[in-house]
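This is what each chain is made of:
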Amino acid sequence: MGSDMDMRERIAAALKQAMKDKQAERLSTLRLINAAIKDRDIAARGTGEESGVGDAEVLAILGKMAKQRQESARAYEEGGRLDLAERERAEIGVIEEFLPRQLSDKEVARAIDGAIAEIGAESIRDMGKVMGALKSKYTGQMDFGSVGPMVKDRLSA
């Protein structure tokens, strides 16, 4: 992942390439990504952020999009619509090209322990601080929906 290019530039470059290569399905997914980012930019401008959202926010948008498609694909499979499930999985593949590598369960556990130690968290009251530290370092690399309960378990023990 080239750090010299921000997320928007990488997505725009991929979009142009997909147009050139006439990859219709890839192009439609990239356009959905762009639309989601633009929507968030418009919302951000409403709160005074003129430049729009940064890379961390873009990663969060992409993570959410991938998760929605995983849920849809599961629902389609359960309903016997493998064609639609396959389309969702293809979209996930495109979205994940822009996401950093997902941490393994062991790495997530280490990250949680590290954040707890760094903050000196001792009780469930520190959960927000721990989650904030994890989000600032690992956005797009872990599913915070499943990390929350893990942090809660560690702090309640």
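Please read these numbers as outputs of a predicted model, since none were measured by experiment.

### A few points about the packing of helix 6 (residues 127-138) against helix 7 (residues 144-156)
Packing of helix 6 against helix 7 leaves a shortest axis separation of 10 Å and a crossing angle of 140°. In this view, helix 6 runs oblique relative to helix 7, as classed from their interaxial angle. Pair helix 6 / helix 7 crosses with right-handed handedness. On the side of helix 6, the interface is formed by M127, V130, M131, L134, K135 and Y138, while helix 7 contributes F144, V147, G148, V151, K152 and L155. Partitioned by chemical class, the residues of the contact of helix 6 with helix 7 number 9 nonpolar, 1 polar and 2 charged.

### A short note on the pattern of salt bridges
Enumeration over the complete set of coordinates arrives at 11 salt bridges. Note that K67 is salt-bridged to D143, the shortest N-O span being 3.4 Å. Here K67, found in helix 3 (residues 55-78), pairs with D143, found in the loop between helix 6 and helix 7; they are 76 residues apart in sequence, far enough to count as distant. Taking the relative accessible area as the measure of exposure, K67 reaches 36% and is therefore partly exposed. Take D143: its relative accessible area is 36%, and that puts it in the partly exposed class.

### A look at the domain arrangement of the protein chain
Accessible area lost during the coming together of the parts is what is often quoted as the interface size. Partitioning the protein chain into structural domains gives domain 1 (4-97) and domain 2 (105-155). The centre of domain 1, based on its C-alpha atoms, is set 26 Å off from the matching centre of domain 2.

### With respect to the environment of E88
Mapped onto the elements of the fold, E88 is located in helix 4 (residues 82-96). By relative accessible area, E88 is classed as buried at 15%. Sequence spacing of E88 and A73 is 15 residues, and the spatial spacing of their C-alpha atoms is 5.6 Å. Non-local contacts of E88, meaning those with residues more than four positions away in its chain, are made with R69, S72, A73 and Y76.

### Examining the nonpolar core
Within the largest apolar cluster, 21 residues are counted, with the highest numbers of intra-cluster contacts made by L30, I33, L62 and F98. Within the residue set of this core, elements represented by two or more residues are helix 1 (7-20), helix 2 (24-46), helix 3 and helix 4. Sort the elements by how many residues they give to this core and helix 3 lands first, with 6 residues. When sequence neighbours within four positions are dropped, the list of residues in contact with I33 reads I11, L62, M65, I95 and F98. Counting residues in each nonpolar core, the second largest holds 17 residues, with V108, A121, A133 and V147 among its members.

Cut-offs used in this document
- Residues numbered from 1 in each chain as written.
- Predicted model: local features only at pLDDT ≥ 70, side-chain atom pairs only at ≥ 80, totals over all residues.
- Heavy atoms only, no water.
- Axes fitted to C-alpha atoms, helices over the stretch in contact; angles between N-to-C directions.
- Helix = DSSP H or I, 4+ residues; strand = E, 2+ residues; numbered from the N terminus.
- Parallel < 35°, antiparallel > 145°, perpendicular 65-115°, else oblique.
- Left-handed = near helix turned anticlockwise from the far one by under 90°.
- Contact = heavy atoms within 4.5 Å.
- Nonpolar A, V, L, I, M, F, W, Y, C, P; charged D, E, K, R; others polar.
- Salt bridge = Lys/Arg side-chain N within 4 Å of Asp/Glu carboxyl O.
- Buried < 20%, exposed > 50% of the residue type's maximum accessible area, 1.4 Å probe, protein only.
- Domains from an automatic or database assignment.
- Core = buried A, V, L, I, M, F, W, Y, C linked by side-chain atoms within 4.5 Å.

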